[in-house]
Amino acid sequence: MTNQSARRVLRGGRTRVAMAVAAALAVLGAVASPAAADGTPTPGASARSKTSFVIGVKQDIDSLNPYVGVVASAFETYQLMYDTLTTTSAKDFAPEPWLAERWETSADGKTWTFHLRKGVKWSDGVDLTAKDVAYTFQRAKDDETANGQYASYVDNITKITATDDHTVVMEVEKPSPIMLRLAVPILPEHVWTKISAKDAATFANDANVVGSGPFRLAEAKKGQFYRFAANKQHFAGAPGIDELIFTVFADDSALAQALRQGEVDMAQDLPAAIAETLVKEPGITVNDAKYYGFNEIAYNLGAATTDGKAIGDGHPALKDKQVRLAIDHAIDRKTLVAKVLNGHGSPATGVIPPIYADLHWNPGAAERAFDLAKANSILDAAGYAKSADGIRAKDGKALKFRLFGRDSSEYSKQSTEYVRSWLKEIGIAVTVSIMSEDNLTAVLGKGEFDMFEWGWVVEPDPDFQLSVMTCDQRSYEEDGEIAAGWSDSFYCSPAFDALYAEQQTMIDPAKRAEVVKKAQQLLYDDVAYSLTYYYNQSEAYRSDRFTGFVPQPSQGGILAFQYGTHSYRNITPVIEQAAEQESGSGVVLWVVGGVVLLLVVGGVVLVLARRKNADDRE
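Residues numbered from 1 in each chain as written. Predicted model: local features only at pLDDT ≥ 70, side-chain atom pairs only at ≥ 80, totals over all residues. Heavy atoms only, no water.

## Brief notes about the confidence of the model for the chain
Spelled out, the test is: A score between 0 and 100, pLDDT records how confident the predictor is in each residue. In what follows, a contact means two residues having at least one pair of non-hydrogen atoms within 4.5 Å.
The predicted model of the chain has a mean per-residue pLDDT of 87, with 85% of residues at 70 or higher. Within the model, the stretch residues 1–48 combines pLDDT values under 50 with 155 contacts to residues more than four positions away or in other chains. Every residue in residues 577–618 is under pLDDT 50, and counting partners more than four places away or in other chains gives 84 contacts.

## Some remarks on the nonpolar core
The cut-off we apply is this: In these notes, a set of buried Ala, Val, Leu, Ile, Met, Phe, Trp, Tyr and Cys residues joined through side-chain atoms within 4.5 Å is what counts as a nonpolar core. Here's how the labels work: a residue is buried when its accessible area is under 20% of the maximum for its type, exposed when over 50%, partly exposed in between, all with a 1.4 Å probe on protein chains only.
Judged by nonpolar contacts, the single largest core of 149 residues is most densely connected at Leu-85, Phe-137, Met-170, Phe-246, Ile-327 and Tyr-568. Once you skip the residues sitting within four places of it in the chain, Phe-246 turns out to touch Ile-55, Val-57, Glu-76, Leu-80, Gln-224, Phe-225, Tyr-226, Phe-228, Phe-561 and Tyr-568. Ranked by size, the runner-up nonpolar core spans 16 residues in total, among them Ala-256, Ala-267, Ala-275 and Ile-284.

## Some words on the packing of aromatic side chains
Aromatic ring pairs are described here by two measures, namely the spacing of the ring centres and the angle between the planes. This is how the line gets drawn: Under the pairing criterion, centres of Phe, Tyr and Trp rings, with the six-membered ring standing for Trp, must be within 6.5 Å; the plane angle then separates stacked pairs below 30 degrees from edge-to-face pairs above 60, leaving the rest tilted. Runs of E in the DSSP output that reach at least two residues are strands. Runs of H or I that reach at least four are helices, and both are numbered from the N terminus. Any Lys NZ or Arg CZ that is within 6 Å of a ring centre and within 35 degrees of that ring's normal is treated as a charge sitting over the ring.
Within this structure, the stated rule accounts for 31 aromatic pairs. Taking 6.3 Å as the distance between ring centres and 15° as the angle between the ring planes, the aromatic pair formed by Trp-112 and Phe-114 counts as stacked. The pair Trp-112 / Phe-114 is uniform in exposure class, with both members buried. Taking the centre distance of 6.2 Å and the plane angle of 85° together, the rings of Phe-246 and Phe-561 count as edge-to-face. With Phe-246 in strand β10 (residues 243–248) and Phe-561 in the loop between β25 (546–547) and α17 (566–570), the pair connects residues that are 315 residues apart, well separated along the chain. On the accessibility criterion, Phe-246 (3% relative accessible area) is buried. Judged by relative accessible area, Phe-561 falls into the buried class, the value being 5%. Here the aromatic cluster, defined as three or more aromatic residues joined through ring pairs, consists of Phe-93, Tyr-291, Tyr-292, Tyr-356, Tyr-411, Tyr-533, Tyr-535 and Tyr-563. The ring of Tyr-524 carries the charged tip of Arg-368 above its face, separated from the ring centre by 3.8 Å. Here the basic side chain of Lys-394 rests over the ring of Tyr-384, its NZ or CZ set 5.0 Å away from the ring centre.

## Brief notes about the packing of helix α15 (residues 494–504) against helix α16 (residues 509–525)
How we decide: Only the stretch in contact is used when fitting a helix axis, every axis being a line fitted to C-alpha atoms; angles between N-to-C directions are given from 0 to 180 degrees. For classification, angles of less than 35 degrees are called roughly parallel, those exceeding 145 degrees roughly antiparallel, those between 65 and 115 degrees roughly perpendicular, and all remaining angles oblique. Working rule for handedness: look at the near helix, and if it is turned counterclockwise from the far one by less than a right angle, call the crossing left-handed; if clockwise, right-handed. Gly falls in the polar group here, along with every residue not listed as nonpolar (Ala, Val, Leu, Ile, Met, Phe, Trp, Tyr, Cys, Pro) or charged (Asp, Glu, Lys, Arg).
Running from N to C, α15 and α16 cross one another at 160°; their axes reach a closest spacing of 9 Å. In terms of axis orientation, α15 runs roughly antiparallel to α16. At the point where α15 passes α16, the crossing takes the left-handed sense. Side by side, α15 and α16 meet where Ala-495, Phe-496, Leu-499, Glu-502 and Gln-503 of the first sit next to Arg-512, Val-515, Val-516, Lys-518, Ala-519, Leu-522 and Leu-523 of the second. A breakdown of the residues in the contact of α15 with α16 according to their chemical character gives 8 nonpolar, 1 polar and 3 charged.

## A word on the sheet that holds strand β20 (residues 451–457)
Defined as follows: One requirement defines pairing of two strands: DSSP has to find at least two bridges between them.
Across the sheet, 6 strands lie side by side as β14-β23-β13-β20-β18-β19; this open sheet has mixed pairing. In the strand order of this sheet, the two ends are held by β14 (345–347) and β19 (429–435), each with one partner. On average, adjacent strands in this sheet sit at an angle of 25° to one another, irrespective of strand direction. In the sheet, strand β13 (residues 293–299) pairs with β20 via 7 bridges, with the strands oriented antiparallel. Across the sheet, the residue bridging to Tyr-299 is Met-451, located in β20. Against the sheet, helix α13 (residues 437–446) contacts β18 (400–406), β19 and β20, and its axis sits at roughly 105° relative to β20.

## A few points about empty space enclosed by the protein
Filter applied, for reference: We place a 1 Å grid over just the protein atoms. Points where a 1.4 Å probe fits but has no way out form a cavity, open points with protein on both sides within 12 Å along at least 5 of 7 lines form a pocket, and any residue with an atom within 4 Å of a point lines it. Grid points are joined across faces, edges and corners, and a volume is the space filled by probe spheres set on the points.
The space that makes up the second largest cavity amounts to roughly 90 Å³. Considering the residues around the second largest cavity, the lining is formed by 14 residues, among which Thr-349, Leu-523, Tyr-524, Tyr-529 and Leu-531 are closest to the centre. Those elements giving two or more residues to the lining of the second largest cavity turn out to be α16 and β23 (529–535). Of the residues that constitute the lining of the second largest cavity, the class distribution is 7 nonpolar, 4 polar and 3 charged.

## Overview of the state of the cysteines
Using the following cut-off: Our working definition of a disulfide is a cysteine sulfur pair at a distance within 2.5 Å.
On inspection of all chains with the given rule, the structure shows 1 disulfide. Disulfide pairing places Cys-471 opposite Cys-492 at an S-S distance of 2.0 Å. Every disulfide takes its handedness from the sign of the S-S torsion; for Cys-471 and Cys-492 that torsion is 100°, giving right-handed. Linking Cys-471 in the loop between α14 (463–467) and β21 (476–478) with Cys-492 in the loop between β22 (481–483) and α15, this pair joins segments that are 21 residues apart in sequence. With a relative accessible area of 10%, Cys-471 lands in the buried category. Taking the relative accessible area as the measure of exposure, Cys-492 reaches 36% and is therefore partly exposed.

## What to know about the sheet that holds strand β16 (residues 392–394)
Read across the open sheet, the 3 strands follow the order β15-β16-β17; overall the sheet is antiparallel. In this open sheet, the two strands that pair with only one neighbour each are β15 (385–386) and β17 (397–398). Examined bridge by bridge, β16 and β17 share 2 bridges and lie antiparallel to one another. Across the sheet, Ala-393 pairs through a bridge with Ala-398, a residue of β17.

## Side note on the pairing of strand β5 (residues 111–116)
Summarising burial for β5: 5 of the 6 residues are buried, a large majority. When strand β4 (residues 100–105) meets β5, the two strands line up antiparallel, connected through 5 bridges. Looking at β5, one finds that Glu-104 is bridged to Thr-113. Hairpin connection between β4 and β5: a loop of 5 residues separates the two successive antiparallel strands, and Gly-109 in this loop has a positive phi of roughly 75°. The pairing of β5 with strand β7 (residues 167–172) spans 5 bridges and is classified as antiparallel. Looking at the pairing, His-115 lines up with Thr-167 of β7.

Listed below in structure tokens is the structure:
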């Protein structure tokens, strides 16, 4: 389950100081050299110390193995370490060339030919060729662990052939729009062939990682930090920083304080209430952007494996749609947006967020309203009578549910308490338990839950998000053990599966969107989830230290945890000092206490620029 929640209007990349410096240098024709990340003046680019960009995150990485990871932070590392055939544009989410510099498809849409960039090498110096691509996709089809991760991308592919070192031909059973969004990390054959199918599920991939991506794993300490060194030979160009470090924080307040003190350069995925306290902090910019995620209250709809074997210990009443319908009416989404998100979001309905406007479904006038009286009447009509203690029961089984939340998310903690209080009003007793995301993932796969709060980060193409609700994504049995699929609710509907299969082969975007919306409506009508809200992503960064961020989408988009590595490759230090010696003249530029001093030797030029604080007025 890829989710950052608990998982942004752009306020500008460069500080006023940086712009003043750039203007002064442009007049003089000087070239500035960047400063180290700690702001220490450096004499020139060739001699500058290592530039590190440190991001504080709340969500630890569950696995650096691209076949195993579940959470969004894990997938963030995969796109740092490995390349994919195509990427997603920063402007508008459109597919763009990446490892494949061009492609063509046959007239019937069943043969795709990808032409790879030449000269790309793995981090150990071995050439990356079409054989690596063919190996990667074939393993994703054949290896049970790999297929569990990437089935929605590869199952329609019937044949993969490396026709030469830089050409890969893929044949598909049916035409598919997903072929330009194959989010499968390309892995080095000479490394991964040494990792058996049996060992793939437990391989840590946390040391001596061989990749081709814009960054390379340098050091990993689970629960503490993950350090990535820039790949200066990457085909897209050398990143503007030397290393990228993800530091894990257990507390949002501590993360915000670390940003204030300069211990981190970006605080990612902050609760809105805490992000608001940073808005007027000098040297810090807060980005509050629309995001492609949603959160939900999910139900155990009858945990079972793909072959129909019942598993877990879910409460049987939750298989009754009337119970779920009553719960859905008892959730006040407007209050969650106002109180939990501080207004930085909107009530949710369809599983494709509104940022993807062409695909998003909204029930309009048919949207279920918060109505405790109606919720009570639904349960009354369904035969769930209240006992003396106010708790409803039917056939001797009381409506007492477990509701699991996540310890890494203040949003999750608050949401679960609100839901608990509302369900009490309709005669449902809820016990809230907060646990780590790793533990929750394990619990879900085994079906050992009643309800939980989590969410999804939705890809630009709707296929994967819809796939997690199909029957085939329920858990499965392997060597006597239960292994989790992508399904977290065990929803299984032949009607939904038919809609999912139909959209998979539709090339016409408008016609496909109609089917995608029908699928979302069916999920809504079945109360497969009770979606709570679409949330903005709040991230704050040291704009006095770094610039060059690339938002996705270009209008009001997020700056980190994107589809692609746009910001990470383009971040550069704010210019704080420059020196140039030419024909007996020199230029020395310093930033001292927020004042830019530009001194010219051999002439007299003085530039003073005071850094504006957030509360200064023009």
